[in-house]
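Understanding the architecture of this molecule
Listed below, chain by chain, are the residues.
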2 protein chains.
Amino acid sequence: MRAVRLDESEVGVGRVTLQTVADRVGVSRMTVSNAFSRPDQLSSALRDKVLKAAEELGYTGPDPSARALARGSTGSVGVLLSNSPAEAFTDEVAAAFFSSIAATLSPRGIALTLLSSEPSGDVMPARDVAMDGVIVYNCDPESGAREQVERRKLPLVLVDQPNTRGFSSVNVEDRSGARAAAQHVVDLGHSRVALIGKTGVPPFGIVESSSAKGQGYASTERLAGWIEVLTEAGIEPVILQEPIDSTAGGRGALKAILEVQPDTTAILAFSDAMAAGVLLDAHDAGISVPDQLSVVGFDDNPLATRLRPQLTTVRQDVTEKGRLAASMLVEAMADRRAGRPTEPRAVTLTTELVVRDSTAPPPRAGKPPEGAKRPQDGKRPRTRRPSARA
Amino acid sequence: MRAVRLDESEVGVGRVTLQTVADRVGVSRMTVSNAFSRPDQLSSALRDKVLKAAEELGYTGPDPSARALARGSTGSVGVLLSNSPAEAFTDEVAAAFFSSIAATLSPRGIALTLLSSEPSGDVMPARDVAMDGVIVYNCDPESGAREQVERRKLPLVLVDQPNTRGFSSVNVEDRSGARAAAQHVVDLGHSRVALIGKTGVPPFGIVESSSAKGQGYASTERLAGWIEVLTEAGIEPVILQEPIDSTAGGRGALKAILEVQPDTTAILAFSDAMAAGVLLDAHDAGISVPDQLSVVGFDDNPLATRLRPQLTTVRQDVTEKGRLAASMLVEAMADRRAGRPTEPRAVTLTTELVVRDSTAPPPRAGKPPEGAKRPQDGKRPRTRRPSARA
DNA sequence: TTGTACGCGTTATCAT
DNA sequence: ATGATAACGCGTACAA
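Residues numbered from 1 in each chain as written. Chains lettered and ligands numbered in written order. Predicted model: local features only at pLDDT ≥ 70, side-chain atom pairs only at ≥ 80, totals over all residues. Heavy atoms only, no water.

1. Things to note about the relation of the copies chain A and chain B
Put simply, the rule reads: To line up the copies, we fit them by least squares on C-alpha atoms, keeping just the residues with pLDDT of at least 70 in both. Residues are treated as being in contact if the distance between any of their heavy atoms lies within 4.5 Å.
When chain A is fitted to chain B, the best match, at an RMSD of 0.1 Å, comes from turning it 180 degrees and sliding it 0.1 Å along the axis. A rotation of that kind, with that shift, is consistent with a two-fold axis. When C-alpha distances to the rotation axis are compared across chain A, the minimum falls at Thr113(A), with a value of 2.0 Å. With an isologous cut-off of 70% or more, the 100% of interface residues of chain A that recur at the interface of chain B puts this contact in the isologous class.

2. What about the protein's contact with DNA strand D?
Applicable threshold: For each residue, the test is whether any non-hydrogen atom lies within 4 Å of the molecule or strand; if one does, the residue is near. Polar contacts here mean pairs of N or O atoms no more than 3.5 Å apart (in protein, one a potential hydrogen donor and the other a potential acceptor; neighbouring residues in sequence count only if both atoms are side-chain atoms). The numbering of helices and of strands both runs from the N terminus, where a helix is a DSSP run of H or I of at least 4 residues and a strand a run of E of at least 2. Ten residue types, Ala, Val, Leu, Ile, Met, Phe, Trp, Tyr, Cys and Pro, are classed as nonpolar, four, Asp, Glu, Lys and Arg, as charged, and the remainder, Gly among them, as polar.
In the region of DNA strand D, 30 residues are neighbours, and Thr31(A), Leu46(A), Arg15(B), Arg29(B) and Ser33(B) sit closest. Near the protein, within 4 Å, the atoms of DNA strand D are sugar or phosphate in 63% of cases. In the environment of DNA strand D, a base oxygen lies 2.6 Å from a nitrogen or oxygen atom belonging to the side chain of Arg29(B). Interatomic distance of 3.1 Å between a backbone N/O atom of Asp63(B) and a phosphate oxygen of DNA strand D. Of all elements in the fold, only α2 (29-37) and α4 (64-71) of chain A together with α2 (29-37) and α4 (64-71) of chain B reach the threshold of two or more residues within the surface near DNA strand D. When the residues that make up the surface near DNA strand D are grouped by side-chain class, the tally is 14 nonpolar, eight polar and eight charged.

3. A short note on the sheet that holds strand β9 (residues 266-269) of chain A
All names here are of chain A. The condition is simple: One requirement defines pairing of two strands: DSSP has to find at least two bridges between them. Think of each axis as a best-fit line through the C-alpha atoms, taken over the contacting stretch in the case of a helix, with angles from 0 to 180 degrees between the N-to-C directions.
Strand order across the open sheet formed by five strands is β7-β8-β6-β9-β10, with mixed pairing between neighbours. Edge positions in the open sheet fall to β7 (205-207) and β10 (294-296), since each of these has one partner strand only. The average undirected angle you get between the axes of adjacent strands in this sheet is 25 degrees. In terms of strand pairing, strand β6 (residues 193-198) meets strand β8 (residues 238-242) through five bridges, oriented parallel. Residue pairing across strands places leucine 195 opposite isoleucine 239, the latter belonging to β8. Across the face of the sheet, helix α9 (residues 174-188) comes into contact with β6, β9 and β10 while running at roughly 175 degrees to β9.

4. Remarks on the sheet that holds strand β4 (residues 156-159) of chain A
Strand order in the open sheet formed by twelve strands is β12(A)-β5(A)-β4(A)-β3(A)-β1(A)-β2(A)-β2(B)-β1(B)-β3(B)-β4(B)-β5(B)-β12(B), with mixed pairing between adjacent strands. Looking at the sheet topology across the chains shown, the edges are occupied by β12 (346-349) of chain A together with β12 (346-349) of chain B. Each strand of the sheet is rotated relative to its neighbour by a mean of 20 degrees, with strand direction disregarded. Here three bridges tie β4(A) to strand β5 (residues 168-172) of chain A, and the two strands are oriented parallel to one another. The residue bridging Val157(A) from the neighbouring strand is Ser168(A), located in β5(A).

5. So, α4(B)
Stated precisely, the cut-off is as follows: Whether a residue is buried, partly exposed or exposed follows from its accessible area with a 1.4 Å probe, protein chains only, as a fraction of its type maximum: under 20%, in between, or over 50%, in that order. Note that the arc is computed from the directions linking the helix axis to the C-beta atoms.
Along α4(B), the residues that are buried comprise Pro64(B), Ser65(B), Arg67(B) and Ala68(B). With its buried residues spanning 165 degrees around the axis, α4(B) presents them on a single face. Buried positions along α4(B) lie against α4 and α7 (125-128) of chain A together with α2 of chain B. Residue Asp63(B) occupies the N-cap position of α4(B), its side-chain oxygen lying 2.9 Å from the main-chain nitrogen of Ser65(B). One or two residues past the end of α4(B) sits Gly72(B), with phi positive at roughly 75 degrees.

6. Here we look at the interface of chain A and chain B
Stated formally: As used here, buried area is the combined drop in accessible area, with a 1.4 Å probe, of two parts when they are placed together. A carboxyl oxygen of Asp or Glu within 4 Å of a side-chain nitrogen of Lys or Arg is what we treat as a salt bridge.
Taken together, the contact between chain A and chain B spans 45 residues of the former and 45 residues of the latter. Carbon and sulfur atoms supply 58% of the area that chain A and chain B bury against each other, a total of about 3500 Å² over both sides. The largest contributions to the chain A side of the interface with chain B come from Thr60(A), Phe89(A) and Arg151(A), which together make up 19% of the buried area. Counting every contact that joins chain A to chain B gives four salt bridges. Put simply, Glu55(A) and Arg151(B) hold a salt bridge, and the shortest N to O gap is 3.4 Å. Taken together, the links from chain A to chain B amount to 15 residue pairs in polar contact (both at pLDDT 80 or more). Taken together, the elements giving at least two residues each to the side of chain A that touches chain B come down to α4, α5 (85-90), α6 (92-105), β2 (111-116), α7 and α8 (144-151) of chain A. Residues of the side of chain A that touches chain B, tallied by class, amount to 22 nonpolar, 14 polar and nine charged. As paired elements, β2(A) and strand β2 (residues 111-116) of chain B share three bridges and run antiparallel to each other. By the bridge assignment, Leu114(A) is partnered in β2(B) with Leu112(B).

None of the figures reported here should be taken as evidence of function without further support.
Put into structure tokens, the structure is as follows:
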């Protein structure tokens, strides 16, 4: 009966496979495969017989790994993260993004695999885990993982990444969002401004403007946007680089800034989470926000409206970002299956300045620095869309 | 040279495999495999040569699916969720749990795959996705997915699940935690109590005590714990079943409860998230918590201390729950690889009543119902550990 | 180092 | 229409 398998050991011993079931029913392996995967290829009577035999033998259905090999598809897509996958759940903004991805994929029956970009021993998830496509999120382009995953030539969508080589990507107008934030404090009349950037690599702490560059696309872009506008306004900001993007990571920033520029009146932070740390520190130090200090965050984290004062920030739509990334990837995977090339798409989502209660004119108003634009008086709308130009 | 492949088509056409590289270098497929996977099995000179050829050919390394089939291991573990995977990120308590799992797995080079238990078309992730082990989280035992994954005979850890068939499990003292919550309001003198349960299946809304059973282990246990204590105290609670475990899901509950029992003075909620909805509704309705209404949640969600008043709740350690589940699974997978049987372990984590500001004696105090225990006066500690007995 | 025999299904192709 | 045969997918383990 059997063509290939040599052990004729009978039922009950060892693993139950298609062949075991086929032998039991007295049909070919193919017929059993069809019974499970293409019901229309055989009579329902025979199919029932096969399924019944499978049931008796405790056969669970086609082995997913074998099927993945034979079909060339695994049923799951990966998300490659530069941070620990644990942070995907911890950070509210990231969580909303991933939640949106999961919500887009699961109705399509696609599982979501979280991949660390850190190698552990000799295994590198980005290289070694089987998947049908990858969303590369906010991942250090220098990292080996990013390169590994590119080389696998899987369908790929880059998110919050510089889009170099013609991949599909979803990005956010980080730079113009940051420009809007900076312009906002300039318009309010601030001239002593500090920036809190985010970087995974040294130098940390107060850095020279020249050596300040974020690690990762978003932090690079936001820093650039802030500095452009401030420079145009004749303001040279104090720049602090922090490694941890969280409320805890933002704590201590205020003190460090005030040490080098005691009369700072406005702080622009890489994220709302970090800004929250500043707000807490300010509160503890008896510094009133926004009366004595203005603070602007980024993201429009749900946190922003829970804080007191509510945080002025730059909104990005992470839900849409996730939905787009996932659906672009799904499309690319369909193209791949159909053997047609995927037209790379590069989408950039807008950002929007959301003015809340953490910003106000500086304490000693009326003396804006040379070159600063006058604050637009009167009823400025509480929300402004920066232009899409970077 | 080749034993199996029939097409002798040359380099550059089609997929690059071990064989392609082997042909290029003039060695066997095995040698190339060794070069990648067992460097010590060949001279480093030859290895370099092989790696160089692979580089030139754009060979990325062994195909993960093929390797998974050959090795019998995929490098990722699944988490099976009854809710949409999207909620894994949305719900703060679930997110902390998954974060802890991810933090435990990723240093070991293991990826985490989120699996919906809902079938979509003909694909059922629980049956069709390749993985080395599964954490079954809070999953309806009736669900096909739960059964599917059991039948695959993968290493398994059940979390927040009734532990029936000798699987390893991590559970929480839901019942005694709920008992402590109920005892707390009884001790305070409440006699008009309402419960907000969580269930995925009808009936929803106000239900009879007899027909009230949660869907899912945690909700069943919590409900049972509340009812036990209240019954002992001679109190028959109003029971409301809600389908959505979130702040939004908790909204509307207060109104529904007050319609059937206008003089309700205490509400015990399945989760802090739902309790938050009650607090918001109470605020909107001008009902003062805890003066007019006491509210107790469950979980000790970070949310609990952000609310005003801060929420009295029952703490569970979800981080430890995640760490334990992941490490037990890792152990079981190691056993499997080593061919030794796994001794199933059933761990139950303690819960702890945390008294904050959302509970107080009922407005018209001094008239506890017959059979109710007297509140313990004086300086009761703000935190009490219920006994482990259910 | 290399040959050989799988791992376990799937996608043709062929036969009845 | 149904079912069987053969080759294939891409590696890995183990013996030679």
